[in-house]
Amino acid sequence: MKKTILLIALTNFAFLAVGQNQYDFNNHVINSSFGKCASTTYTYDEVGNIKSKTTTIFKSPVIETEQLSACTGDEIDLKMSTVNGEVHWYDYEDSEESLRVGEELIFTLTKDTSFYVASVDGECISKKIPVQLTLLPSPGIPVIQKQNGILLTSAGAESYNWFLDDELLDITDNFLIPQSPGTYFVEITNEQGCKATS
């Protein structure tokens, strides 16, 4: 599909409009879905006609972290990269004050959480992009019951690890026949990889 480029010459002012982006004579974006600043470089032929133009958009950061979900209490190491300015982190899209400046944010997840990030260089700021973190469901705390000398816990977990006095046993079923005296407990893992301990 072709884009229509419209050039309107005025006495002291010219607009170059490409889609929704409008540039003033200082080559700063007035209204853009890309952000607050951009620059345009023109080349001219021998009689002064525009031969070509190159527009550099002030780009938003790029998310480098692939895993944007975690279990309760797990840390997510969020990493961004930018080709212009510094990465600023915000609570909300319309926030003016940033929470943090830097390409990395380590966050402990306790609920679904959103951040917004933008590239900032002086007065130039890119479009803020959302980063959505998702809390994975945790398994319920397993309850151990004793029936006829066998320790049982609820079925339905993805995996089971039994311990005797903090030592991992080679038992991965939802039941255990005690062989030695001591304190037994079980750690279960659900299909999302989240754990819970009795």
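Right above here is the structure, for reference.
All of the points below concern the structure found in this document.

## Focus: the side chain of Asn190
Item 1. If you trace the backbone, Asn190 turns up in the loop between β21 (184-189) and β22 (195-197).
Item 2. Its relative accessible area of 13% is what places Asn190 among the buried residues.
Item 3. A polar contact is formed between the side chain of Asn190 and the backbone oxygen of Pro137, at a distance of 2.8 Å.
Item 4. Contact partners of Asn190, with chain neighbours within four places excluded, come to Pro137, Ser138, Pro139 and Glu158.

## Topic: the state of the cysteines
Among covalent bonds in proteins, the disulfide is the one between the sulfur atoms of two cysteines.
Item 1. Going through the model one piece at a time under the given rule, you end up with one disulfide.
Item 2. Between Cys71 and Cys194 runs a disulfide, and the two sulfur atoms are separated by 2.0 Å. Across the S-S bond of Cys71 and Cys194 the torsion is about -90 degrees, and the bridge reads as left-handed. Highlighted residues: Cys71 in the loop between β8 (69-70) and β9 (75-81) and Cys194 in the loop between β21 and β22, separated in sequence by 123 residues. Each of the two residues, Cys71 as well as Cys194, counts as buried.

## Quick word on the pattern of salt bridges
Item 1. Summed over all chains, the structure comprises one salt bridge.
Item 2. For Lys79, the salt bridge goes to Asp77, with nearest N and O atoms at 3.9 Å.
Item 3. For Lys79, a relative accessible area of 41% translates into the label partly exposed.
Item 4. Look at Asp77 and you get partly exposed, because its relative accessible area is 30%.

## What to know about the packing of aromatic side chains
Item 1. By the definition in use, this model includes three aromatic pairs.
Item 2. Pairing Trp89 with Phe115 gives two aromatic rings, centres 6.2 Å apart and planes at 90 degrees, and the pair type is edge-to-face. Pair noted here: Trp89 is in strand β10 (residues 86-90) and Phe115 is in strand β13 (residues 113-121), with a separation of 26 residues, a long-range link.
Item 3. The buried category is assigned to Trp89, whose relative accessible area is 0%.
Item 4. Residue Phe115 is classed as buried on the basis of its relative accessible area, which comes to 5%.
Item 5. With a centroid separation of 4.8 Å and an interplanar angle of 5 degrees, the aromatic rings of Phe163 and Phe185 are classed as stacked. With Phe163 in strand β18 (residues 159-164) and Phe185 in strand β21, the pair connects residues that are 22 residues apart, well separated along the chain. Side by side, Phe163 and Phe185 carry an identical accessibility label, which is buried.
Item 6. By the ring-pair criterion, three or more aromatic residues cluster together here, those being Trp89, Phe107 and Phe115.
Item 7. Across the ring face of Tyr90, the terminal group of Lys128 is positioned such that the distance to the ring centre comes to 4.0 Å.

About the cut-offs
Residues numbered from 1 in each chain as written. Predicted model: local features only at pLDDT ≥ 70, side-chain atom pairs only at ≥ 80, totals over all residues. Heavy atoms only, no water. Helix = DSSP H or I, 4+ residues; strand = E, 2+ residues; numbered from the N terminus. Buried < 20%, exposed > 50% of the residue type's maximum accessible area, 1.4 Å probe, protein only. Polar contact = N/O pair within 3.5 Å; in protein donor to acceptor, adjacent residues only side chain to side chain. Contact = heavy atoms within 4.5 Å. Disulfide = S-S within 2.5 Å. Salt bridge = Lys/Arg side-chain N within 4 Å of Asp/Glu carboxyl O. Phe/Tyr/Trp six-rings, centres within 6.5 Å; stacked < 30°, edge-to-face > 60°. Lys NZ or Arg CZ within 6 Å of the ring centre and 35° of its normal.

Treat this as a map of the structure, not an account of what it does.
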